[in-house]
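# Tertiary structure, described
The primary structure of each chain is shown beneath.
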Amino acid sequence: MYAERVLSGMRPTGALHLGHYHGVLANWVKLQHQYPCLFFVADWHALTTQYDDPRLIHQNSMEMVVDWLAAGVDPSQATIFIQSRVPEHAELHLLLSMMTPLGWLERVPTYKDQQEKLSSKDLSTYGFLGYPLLMSADILIYRADKVPVGEDQLPHVEFTRELVRRFNHMYGREPGFEEKAREAVKKLGSKRARLYDDLRTRFQQKGDKEAVEQAHALLDEIQHLSVADRERLFGYLEGTGKMILAEPGALLTEASRMPGLDGQKMSKSYNNTITLREAEDSVAKKVRSMPTDPARMRRTDPGDPLKCPVWQLHLVYSDDTCRAWVQEGCKSAGIGCIDCKQPVIEGILKEQAPMRERARYYQEDPDLVKRIINDGCEKARDLARETMRDVREAMGLDYS
Ligand code: TRP
Ligand code: SF4
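Residues numbered from 1 in each chain as written. Chains lettered and ligands numbered in written order. Predicted model: local features only at pLDDT ≥ 70, side-chain atom pairs only at ≥ 80, totals over all residues. Heavy atoms only, no water.

So, about the site of ligand 1. Surveying the vicinity of ligand 1 reveals 14 residues, the closest of which are Arg11, Tyr131, Met135, Asp138 and Gln153. Between ligand 1 and His45, the relevant distance is 3.5 Å, taken from a nitrogen atom to a side-chain nitrogen or oxygen of the residue. A distance of 2.9 Å separates a nitrogen atom of ligand 1 from a polar side-chain atom of Gln153. Of all the secondary-structure elements, those providing two or more residues to the shell around ligand 1 are strand E1 (6–10), helix H8 (131–140) and strand E4 (146–149). For the shell around ligand 1, the leading source of residues is H8, giving four residues. Here the shell around ligand 1 is built from residues that sort into eight nonpolar, four polar and two charged. (Near = heavy atom within 4 Å. Polar contact = N/O pair within 3.5 Å; in protein donor to acceptor, adjacent residues only side chain to side chain. Helix = DSSP H or I, 4+ residues; strand = E, 2+ residues; numbered from the N terminus. Nonpolar A, V, L, I, M, F, W, Y, C, P; charged D, E, K, R; others polar.)

Here the focus is the site of ligand 2. What surrounds ligand 2 is the set Thr292, Asp293, Arg296, Pro305, Cys308, Val310, Val326, Cys330, Cys337 and Cys340. A molecule is said to occupy a pocket when more than half its atoms come within 2 Å of that pocket's grid points, and by this definition ligand 2 occupies the largest cavity. Across the shell around ligand 2, the residue classes tally to seven nonpolar, one polar and two charged. (1 Å grid on protein atoms, 1.4 Å probe; cavity = no way out; pocket = protein on both sides within 12 Å on 5 of 7 lines; lining within 4 Å. Sits in = over half its atoms within 2 Å of the grid points.)

Okay, the layout of surface pockets next. Taken as a whole, the second largest pocket holds about 340 Å³ of empty space. Lining the second largest pocket are 16 residues, with His93, Ser97, Tyr126, Gly127 and Gly130 positioned closest to its centre. Every element with two or more residues in the lining of the second largest pocket is listed here: helix H2 (43–50), helix H4 (88–98), helix H5 (102–107), helix H7 (126–129) and H8. (Points joined across faces, edges and corners; volume = space filled by probe spheres on them.)

As a further point, take the domain arrangement of the protein. When the parts of a complex come together, some accessible area is lost, and that lost area is often used as the size of the interface. Considered domain by domain, the protein is made up of domain 1 (6–171 + 248–257 + 366–394), domain 2 (177–238) and domain 3 (277–363). Summarising the inter-unit geometry, the C-alpha centres of domain 2 and domain 3 are found 61 Å apart. (Domains from an automatic or database assignment.)

Using the criterion set out here, one finds three cavities of 30 Å³ or more in the structure. The computed volume of the largest cavity comes to approximately 100 Å³. In terms of lining residues, the largest cavity is bounded by Thr292, Asp293, Arg296, Pro305, Cys308, Val310, Trp311, His314, Val326, Cys330, Cys337 and Cys340. Within the residue set of the lining of the largest cavity, elements represented by two or more residues are helix H15 (309–317), helix H16 (320–331) and helix H17 (337–363). Top element by residues in the lining of the largest cavity is H15. It accounts for three residues. Here the residues of the lining of the largest cavity are counted per class, giving eight nonpolar, two polar and two charged. Within this model, the second largest cavity holds a volume of roughly 60 Å³.

It is worth spelling out the packing of aromatic side chains at this point. Under the criterion given, the structure shown has ten aromatic pairs. Arranged with centres 6.5 Å apart and planes meeting at 15°, the rings of Tyr196 and Tyr236 form a pair that is stacked. On the criterion of sequence distance, the pair formed by Tyr196 in helix H11 (residues 190–206) and Tyr236 in helix H13 (residues 227–238) is long-range, its members being 40 residues apart. Taken individually, Tyr196 and Tyr236 each receive the classification buried, so the pair is uniform in this respect. Among the aromatic residues, those joined into a cluster by ring pairs are Trp28, Phe39 and Trp68. In this arrangement the basic side chain of Arg166 is found over the ring face of Trp104, its NZ or CZ atom lying 5.6 Å from the centre. The ring of Tyr236 has Arg200 sitting right over it, with the charged end atom 3.6 Å from the ring centre. (Phe/Tyr/Trp six-rings, centres within 6.5 Å; stacked < 30°, edge-to-face > 60°. Buried < 20%, exposed > 50% of the residue type's maximum accessible area, 1.4 Å probe, protein only. Lys NZ or Arg CZ within 6 Å of the ring centre and 35° of its normal.)

Written out as structure tokens, the structure is:
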């Protein structure tokens with residue numbers, strides 16, 4: 001049986017933190033037991049915004065792979081590789097760029113958002129505009145069925161799906177498909193033909209799903225069509241033909257509820273993180289200096305855990321007994337904040353212990369990490385080459 005393939009990538013941004021672990025990595029570790037998985041370092045994606053200072057990308061990439069391994073991504077189960085080491089991504093990106101309408105890229109919501117958010121950088125570049133297309137190439141080159149991403153990346157997966165339809169429609173048809181489909185449209189009669197064309201345009205240019213449904217209903221009503229014409233009209237409508245590239249589905253990763261040291265979501269930009277492999281004494285120090293309920297000025301003042309970021313961490317790390325102890329002790333001033341923080345420190349250290357252990361194992365043997373990456377790149381490249389053969393052939397670029 002064909003096993004669905006999972007693919008996901010991450011930009012190399014520097015040391016990963018516990019928010020990444022609870023959000024993304026724990027999910028990857030789970031998925032690797034369920035599907036063949038490919039996980040890659042999106043180093044070219046880092047360049048789309050960091051082109052002015054690429055010096056750290058290499059080091060960040062290697063560190064990130066060690067973080068993945070530390071978190072429990074298992075190279076005997078999942079394929080770990082680096083995007084730029086599989087240059088076929090770039091070839092597919094180029095070929096797709098030929099048939100990608102500019103408007104589709106300009107309309108991707110992250111385009112304007114990110115430009116505004118990162119306004120200190122000049123992101124009016126060709127590469128930045130094409131970044132969702134690069135992501136499409138990453139996905140399509142492995143014919144991935146499932147793409148675990150956070151909510152912010154969903155529009156990119158949807159973009160990829162639309163692109164696949166367009167691609168398969170353009171390059172995956174029977175010879176003369178377009179003419180045959182146009183003939184079939186005429187057979188609908190002028191009024192229905194106009195409606196069909198309208199709906200088709202609405203779907204192909206704007207991705208309007210309702211338009212597809214209406215068109216299906218329209219075609220279902222018509223009795224006098226041959227089976228071949230019907231199929232052509234369905235295919236022409238959605239742009240499907242022979243499947244050269246496969247439509248991926250998004251696997252929405254629940255947004256990490258991991259709170260940071262200040263009660264906001266843990267994020268590098270809020271400077272409130274604990275890294276995956278943060279030194280033990282640094283973990284303790286960071287937690288001990290966390291703010292608490294401001295009402296607890298003195299040890300004898302009662303407080304309210306709901307107003308305290310430490311409580312958020314108890315929700316992640318403590319069991320019911322401990323939480324009851326916090327609730328009672330905080331509200332009655334029976335415990336001090338330092339007491340209250342101790343089980344959180346222990347919970348974090350306990351979670352990190354196996355990660356630290358694995359990281360040490362890999363760090364003692366840097367060649368091992370390189371070998372893991374080399375093997376992964378080779379495996380990925382074999383898959384990518386296969387897809388590229390089909391793509392080149394479909395586009396008439398097969399010179400063998
Ligand atoms: N764009 C993703 C991010 O910024 C990273 C990424 C690049 C990716 N290519 C991908 C994720 C392909 C999933 C699939 O988080
Ligand atoms: Fe926060 Fe705990 Fe102090 Fe209450 S006792 S304010 S929950 S740290």
